[in-house]
Amino acid sequence: MMTADELLLAARALPSGGPERPWYIGLLLGVAGWFAGLLLLVFLGAVFMPKSGPGALAFGVVMVAAAFALFRLDRDGAFVSQLALALSIAGQFALLFGLHEALFSGASPGIASIAFAGFILQVAMVLLLPNNLHRVMSTLFACIAWAVFVRYVFWDKPFLSSGPKITPSLGMALLGWVMAWVPAAGALYLAVRKEPSWMAAGRAALVRPVATGLILGLGFATLLSHPFESFTFWGASADVRQGWLALWPLLSALASLGAMAAAFALGSRGLLGLCALAALLHMSHFYYAMGASLLFKSLLMLAMGAACIAAARALRKRTA
Amino acid sequence: MKRSVLDRLVLEQRLNESAAAAALDVTGARPDRAAWRVFLATLFNGAGLAALGAGVIFFVAANWQDYGVIGRFALLQVAFAACVGLALWRPPPGVAGQSGLVLAIVLAGTLLALFGQTYQTGADVYELFFAWAALTIPFAVASRSGAAWGTWWTVLNVGLALYCGLPEPSLGRILWAGSPGIERPTLLFLAAVINLGGSVLFTQLALPHWVARVAATYGFLFGTVACIVVIVKGAGHGAEAAASKQGAIVILGFLAACLALAYDTLRRRLDVFPMAAIIGSWIAISTAFLIRLMTFDNLAPVFVIALWLIATSSAAGFVLMKWVREWRA
């Protein structure tokens, strides 16, 4: 077992592998790669025209394989990783279509089945493609796909569909949110808790970007699991469901606080700031969420605020 | 110590789980119990203050119809006075004073909105935001806080965005920008200059890093939109195209502003963020220009744009990471 001094000496003796990529460069590359991927999909899709499920699967596999090869060639992400990212995005759309056709052919295409196929695809991408930015994006998309799947399987209908929509009870509203987001929160908790274990097992290149994607998912993607009509800020209409779904923004704000704690544990100040912004967004959304009276919301917020301040004081006393 | 270094250390030295845990602890990469307590106390305090503030706002909104005009003003003014009083009692740089001034900035806007709503002053919404910014600048200055400056700067930018979005025949545009014939892209460009200037100023004032970044982000958003509007308008015909005489000035002006900022950033070698924003802006502008140049008779231009995005973003990633490595060394 190395002593602390030996550890520090060994760390200093490591050849400089370069600093981590700042979040804003990742954002720039991610956005550009995503748009380029969509354009490539349009172009290559028009050239090869894969109309059937197997055709689309084959087309997608070729694109993702090309992306995989490019990522392997350019491990530092210096030259061709943007091309690889764009190829992968284009390939993933084709694979999504192909997977959906293969898994659910014959059934009427539903949002839940597409979301489930998307979830499987994104998990596979996380495991397969050896690139940090790609793994972060795939994890984030996997979170979104899972949340959309849970939502449309259990209680929602597409926004524009006709007929009455289900109004969940308190239990269903809580259960729905728990099913959508507790798996991601649990995975993140394990990632933080078991950090030395996966570092020692040589899995940091896989788990670290996954943890970043989960933090972003818990911070921001929770917005996507809310009913669309909860974003209509122009007064309650007959179409707006009244019910316990109003609690979801508050639960999402709490998830953002949890994500902040994970970002702190993993030493990422950038993610910490982003999650604080997400928590504020959720709190503003809570004001507009239909289903509970403003008075109830206000009492809930006051009680929570008082509890938080009391907890902060207690912690400060223990620190002093 | 950065996690990336520790990951490599653990891998190269083949450390086991307990040694990896020790490496995280010894290098201070993993927060200890005391650090967690301080973090959680700060987190709970911030969350508690935000929740209490939101709770009060929700309560006021819930009972709004029951208050008369006097009651509404009294309520907001009492809250405003309490915030200013708190700042006087526990002045900045204390956290209580700074928080009080941030809330006072927000409440001043609420009071102005209530005034406008009650007495139907006929003022445009952008005027509300400009008046709000003008009246609360002393609070931002007194606070010596990034949060207060960030809030104030956002108020100013909402006003600028609303003003830039005004339709051309509106009174506000004729009064302030109509007579010299200032077009929308020029207004957007001026908003960009204000923000980029603000970003430089905030850096000079040694305010927290992120405030300068927020101002720079607003500046690049305005500047990029200004240039794209010029390019898109150039695609028009007749009067619309002829009206865009200021387009060249806008594009050259934004280019000059970007070059000046790039020069300053490269000289200081402190933060790569402005360079990333400059490059991102020009990738967007050049892509818009390419789209404007091409005719979409077939799908080849789509492929060209995809390649352009890949090539420019790859080059951007390479250059930006080179700077990150060199400047942090």
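Anything mentioned here points back to the structure above.
For clarity, every value in this text was computed on a predicted model and none was experimentally measured.

Reading guide: rules and limits
- Residues numbered from 1 in each chain as written.
- Chains lettered and ligands numbered in written order.
- Predicted model: local features only at pLDDT ≥ 70, side-chain atom pairs only at ≥ 80, totals over all residues.
- Heavy atoms only, no water.
- Helix = DSSP H or I, 4+ residues; strand = E, 2+ residues; numbered from the N terminus.
- Buried < 20%, exposed > 50% of the residue type's maximum accessible area, 1.4 Å probe, protein only.
- Contact = heavy atoms within 4.5 Å.
- Core = buried A, V, L, I, M, F, W, Y, C linked by side-chain atoms within 4.5 Å.
- Phe/Tyr/Trp six-rings, centres within 6.5 Å; stacked < 30°, edge-to-face > 60°.
- Patch = residues over 30% accessible without salt bridge, like charges linked within 9 Å, V, L, I, M, F, W, Y side chains within 5 Å.
- Areas by Shrake-Rupley, 256 points an atom, 1.4 Å probe, with all protein chains shown as cover.
- Salt bridge = Lys/Arg side-chain N within 4 Å of Asp/Glu carboxyl O.
- 1 Å grid on protein atoms, 1.4 Å probe; cavity = no way out; pocket = protein on both sides within 12 Å on 5 of 7 lines; lining within 4 Å.
- Points joined across faces, edges and corners; volume = space filled by probe spheres on them.
- Nonpolar A, V, L, I, M, F, W, Y, C, P; charged D, E, K, R; others polar.
- Buried area = accessible area lost by both parts, 1.4 Å probe.
- Polar contact = N/O pair within 3.5 Å; in protein donor to acceptor, adjacent residues only side chain to side chain.
- Expected span 1.5 Å × (residues − 1).
- Axes fitted to C-alpha atoms, helices over the stretch in contact; angles between N-to-C directions.
- Parallel < 35°, antiparallel > 145°, perpendicular 65-115°, else oblique.
- Left-handed = near helix turned anticlockwise from the far one by under 90°.

(A) Structural view of the overall build of chain A. Looking only at helices and strands, one finds twelve helices and zero strands in chain A. With 320 residues in all, chain A has 47% of them scored as buried. Within chain A, contacts between residues separated by at least 24 positions form 72% of all contacts whose residues are at least 6 apart in sequence.

(B) Highlighting the nonpolar core. With 100 residues, the main nonpolar core has Phe220 and Leu320 of chain B as its most contacted residues. Beyond its immediate stretch of four places on either side in the chain, phenylalanine 220 of chain B contacts Leu196, Phe254, Cys258, Leu261, Pro274, Ala277, Ile278 and Ser281 of chain B. By size, the runner-up hydrophobic cluster in this structure holds 51 residues, among which are Ala115, Val126, Val136 and Ala180 of chain A.

(C) Looking closely at the packing of aromatic side chains. Throughout the structure, instances matching the rule amount to 27 aromatic pairs over all chains. Here tryptophan 34 of chain A and phenylalanine 93 of chain A contribute two aromatic rings whose centre-to-centre distance is 6.2 Å and whose plane-to-plane angle is 70 degrees, an arrangement assigned as edge-to-face. With tryptophan 34 of chain A in helix α2 (residues 23–48) and phenylalanine 93 of chain A in helix α4 (residues 81–104), the pair connects residues that are 59 residues apart, well separated along the chain. Residue classification places phenylalanine 93 of chain A among the partly exposed residues on the basis of a relative accessible area of 33%. Judged by centre distance (5.4 Å) and plane angle (55 degrees), the ring pair of tryptophan 149 of chain B and phenylalanine 202 of chain B falls under tilted.

(D) How the structure looks around a nonpolar patch on the surface. Where nonpolar side chains cluster on the molecular surface, the patch consists of Trp23, Leu27, Val31 and Phe35 of chain A and spans about 400 Å² of accessible area. Examined against the element boundaries, leucine 27 of chain A turns out to sit in helix α2.

(E) Summary view of the environment of lysine 317 of chain A. Its place among the elements puts lysine 317 of chain A in helix α12 (residues 294–319). Sequence separation between lysine 317 of chain A and alanine 205 of chain A is 112 residues; the distance between their C-alpha atoms is 40 Å.

(F) Quick look at the layout of surface pockets. Considered as a void within the structure, the second largest pocket measures approximately 460 Å³ in volume. Contributing to the lining of the second largest pocket are 20 residues, with Tyr189, Val192, Arg193 and Ala265 of chain A together with Trp36 of chain B lying nearest its centre. Elements supplying a minimum of two residues to the lining of the second largest pocket: α7 (170–193) and α10 (248–265) of chain A. Per element, the largest residue contribution to the lining of the second largest pocket is eight residues, and it comes from α7 of chain A. Here the residues of the lining of the second largest pocket are counted per class, giving 16 nonpolar, one polar and three charged.

(G) The interface of chain B and chain A, seen in detail. Contacts between chain B and chain A engage 76 residues on the former and 69 residues on the latter. Note on chain B versus chain A: buried area summed over both sides is about 6,300 Å², and carbon and sulfur give 79% of it. Summed over the three residues of chain B that lose the most area to chain A, namely Arg3, Arg37 and Phe58 of chain B, the buried surface amounts to 11% of that side. Along the contact surface separating chain B from chain A lie two salt bridges. The closest approach of N and O atoms between glutamate 195 of chain A and arginine 3 of chain B, which form a salt bridge, is 2.6 Å. Connecting chain B to chain A are five residue pairs in polar contact (both at pLDDT 80 or more). Going through the elements one at a time, α1 (3–12), α2 (17–26), α3 (33–62), α13 (273–293) and α14 (300–328) of chain B are the ones with two or more residues in the side of chain B that touches chain A. Ranked by the residues each element gives to the side of chain B that touches chain A, the list is headed by α3 of chain B, at 23 residues. For the side of chain B that touches chain A, a count of residues per class yields 51 nonpolar, 13 polar and twelve charged.

(H) Looking closely at the environment of arginine 72 of chain B. Residue and element names in this part refer to chain B. Positionally, arginine 72 belongs in helix α4 (residues 69–89). Arginine 72 sits in the buried class, given a relative accessible area of 17%. Taking the C-alpha atoms as reference points, arginine 72 and leucine 111, separated by 39 residues in sequence, lie 9.3 Å from one another. Ignoring anything within four residues of it in the chain, the contact list for arginine 72 reads Trp64, Gln65, Tyr67 and Leu114.

(I) Helix α9 (residues 184–204) of chain B, seen in detail. Residues and elements named next belong to chain B. Spanning 21 residues, α9 covers 30 Å between terminal C-alpha atoms, matching the ideal 30 Å at 1.5 Å per step. Along α9, the residues classified as buried are Pro185, Thr186, Leu187, Leu188, Phe189, Ala191, Ala192, Asn195, Leu196, Gly198, Ser199 and Phe202. Positioned one or two residues after α9, alanine 206 has a phi angle of 60 degrees, which is positive.

(J) Quick look at empty space enclosed by the protein. All names here are of chain A. Counted according to the given criterion, the structure contains four cavities of 30 Å³ or more. Estimated volume of the second largest cavity: approximately 40 Å³. Surrounding the second largest cavity, Arg21, Leu29, Phe71, Ser81, Gln82, Leu85, Asn131 and Leu133 form its lining. Element by element, the count of residues in the lining of the second largest cavity is highest for α4, at three residues. Residues of the lining of the second largest cavity, tallied by class, amount to four nonpolar, three polar and one charged.

(K) Molecular detail of α10 of chain A. Residues and elements named next belong to chain A. For α10, built from 18 residues, the straight-helix expectation of 26 Å at 1.5 Å per residue is met to within 8% by its first-to-last C-alpha distance of 25 Å. Burial of α10 is extensive: 13 of the 18 residues sit out of reach of the surface. Immediately beyond the C-terminal end of α10, within one or two residues, lies glycine 267, with a positive phi of roughly 75 degrees.

(L) Fine view of the packing of α12 of chain A against α3 of chain B. As a packed pair, α12 of chain A and α3 of chain B sit with axes 7 Å apart at the nearest point and diverge in direction by 155 degrees. With respect to α3 of chain B, the axis of α12 of chain A lies roughly antiparallel. Crossing geometry of α12 of chain A relative to α3 of chain B is assigned as left-handed. Counted by class, the contact of α12 of chain A with α3 of chain B contains 24 nonpolar, six polar and four charged residues.

(M) Up close: the pattern of salt bridges. Under the counting rule described, the total for this entry stands at eight salt bridges over all chains. Between arginine 213 of chain B and aspartate 271 of chain B there is a salt bridge; the shortest N-O distance is 2.8 Å. Residue arginine 213 of chain B is found in helix α10 (residues 209–234), and its partner aspartate 271 of chain B is found in the loop between α12 (247–268) and α13; the two are separated by 58 residues along the sequence. Under the relative-accessibility criterion, aspartate 271 of chain B is labelled buried at 13%. In the salt-bridge network here, residues are joined through shared partners; they are Glu195 and Arg208 of chain A together with Arg3 and Asp7 of chain B.

(N) Focus on unusual backbone geometry. Residues and elements named next belong to chain B. Going from proline 92 to proline 93, the amide bond is cis rather than trans, its omega being 15 degrees. We note that arginine 144 has phi near 50 degrees; this positive angle belongs to a residue other than glycine. Here arginine 144 is to be found in the loop between α6 (125–143) and α7 (146–164). Phi angles above zero are rare outside glycine, and alanine 206 is one such case at about 60 degrees. Under the relative-accessibility criterion, alanine 206 is labelled exposed at 64%.

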